[in-house]
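Chain by chain, the residues:
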Amino acid sequence: MDTSLSISYLIQEPKIIKDSNPVIILLHGYGSNEEDLFSFAPELPEDYYVISARAPYTVPPYGYAWYAITFDADANKFSDDAQAIESRDLIVRFIDELLAKYPIDANNVNLVGFSQGAILSYSIALSYPNKVNKVVALSGYFNENIIVPNYKDNDLSKLKLFASHGTVDQVIPIDWARRTPVILNSLNITHTYKEYPVGHGVHPLNFKDFKDFLLEE
């Protein structure tokens, strides 16, 4: 675990060294930690840095979150959008720090987020599209409240997104995810949207599909 930058992280260095290598930054979900998605690392392309970030807020007993989720008396869930925006910009700063520390190709920074990590990945890519090449958004949804207000004025033409969701997701309703391709179409963003017969998790076929997406030119 490296704790020298704004965010603590685990790193798998590329086995194939170039002058500058691409990077995959893994962003875990609520109540999880950096070790969760890092289990993907050995199966990811060998010429990539794979960096798994730990969210800043603790969730007992062993987890972390990018922002708080609260429940009201009627069991409605609310996300703390102010904390989410802080985490959005913290991750952007972290990207800049990684580019300064490692020989990473600044034009090939890729985000793979699950749940909260996916929601934040959308907000980072649309708020700061010059920072991101591809986004893999697993089991998340589009929260416009945590994207910069003028994001539709950004040049989004170079972004490529892969979004996926479980058809029996018990945490984030599939209907929320199904709005995402409609929104991405309206923004003319190149994307793939897929569903898998799984709950709030990553189906093996989903893993294969998003890995193939990362390898596409």
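This write-up is about the structure you can find in this document.

Cut-offs and rules
Residues numbered from 1 in each chain as written. Predicted model: local features only at pLDDT ≥ 70, side-chain atom pairs only at ≥ 80, totals over all residues. Heavy atoms only, no water. Helix = DSSP H or I, 4+ residues; strand = E, 2+ residues; numbered from the N terminus. Rg over C-alpha atoms; globule rule 2.2 N^0.38 Å. Buried < 20%, exposed > 50% of the residue type's maximum accessible area, 1.4 Å probe, protein only. Contact = heavy atoms within 4.5 Å. Areas by Shrake-Rupley, 256 points an atom, 1.4 Å probe, with all protein chains shown as cover. Core = buried A, V, L, I, M, F, W, Y, C linked by side-chain atoms within 4.5 Å. Salt bridge = Lys/Arg side-chain N within 4 Å of Asp/Glu carboxyl O. Expected span 1.5 Å × (residues − 1). Arc of directions from axis to C-beta. Right-handed = clockwise from strand over helix to strand, strands pointing away.

**Here's the deal with the overall build of the chain**
From N to C terminus, the chain includes five helices and 11 strands. Against the compact-globule benchmark of 17 Å for 217 residues, the chain has a radius of gyration of 16 Å, which places it among compact chains. In terms of overall dimensions, the chain has a C-alpha envelope of 55 × 40 × 35 Å along the principal axes. Looking at the chain residue by residue over its 217 residues, the buried ones come to 53%. Partitioning the contacts of the chain with sequence separation of at least 6, the portion at a separation of at least 24 is 74%. When the accessible area of the chain is evaluated, it comes to approximately 10,100 Å², of which 50% is carbon and sulfur surface.

**Regarding the nonpolar core**
With 48 residues, the main nonpolar core has Ile 25, Trp 66, Phe 94, Leu 98 and Leu 126 as its most contacted residues. Among residues more than four places away in sequence, those in contact with Leu 126 are Phe 142, Ile 147, Tyr 151, Asn 154, Leu 156, Leu 159, Leu 187 and Ile 189. Judged by nonpolar contacts, the second largest core, of 18 residues, contains Phe 40, Leu 44, Phe 114 and Phe 162.

**Quick notes on the pattern of salt bridges**
Per the stated rule, a full pass over the model turns up eight salt bridges. Asp 89 is paired through a salt bridge with Arg 88; the nearest N and O atoms lie 2.9 Å apart. For Arg 88, a relative accessible area of 6% corresponds to the buried category. The partner of Arg 178 in a salt bridge is Asp 175, and the shortest N-O contact between them spans 3.8 Å. Of this pair, Arg 178 and Asp 175 are both found in helix α4 (residues 174–186), three residues apart, which corresponds to roughly one turn of the helix. Note on Arg 178: relative accessible area 39%, which makes it partly exposed.

**Thoughts on the side chain of Asn 206**
Assignment of secondary structure puts Asn 206 in helix α5 (residues 204–215). Apart from the residues within four sequence positions on either side, Asn 206 is in contact with Leu 138, Phe 162, Ser 164 and Tyr 196.

**With respect to α5**
For α5, with 12 residues, the first-to-last C-alpha span of 17 Å sits near the 16 Å given by 1.5 Å per residue. Of all the positions in α5, only Asn 206, Phe 207, Asp 209, Phe 210, Phe 213 and Leu 214 are classed as buried. Looking straight down α5, one finds its buried side chains confined to an arc of 165 degrees; they lie on one side. Turning to α5, the residues buried within the fold contact β2 (21–27), β8 (104–114), β9 (134–138), β10 (160–166) and β11 (190–196).

**What about unusual backbone geometry?**
For the bond running from Pro 60 to Pro 61, omega is 5 degrees, close enough to zero to count as cis. The residue Ser 139 is not glycine, and still its phi comes out positive at about 55 degrees. As for its placement among the helices and strands, Ser 139 is situated in the loop between β9 and β10. Positioned with a positive phi, Asn 188 is a non-glycine residue whose angle comes to about 55 degrees. For Asn 188, the position within the fold is in the loop between α4 and β11.

**With respect to the pairing of β8**
For a regular strand, side chains alternate in direction, first toward one face of the sheet and then toward the other. The buried fraction of β8 is high, at eight of 11 residues. This β-α-β element, β8 to helix α3 (residues 116–127) to β9, shows right-handed connectivity.

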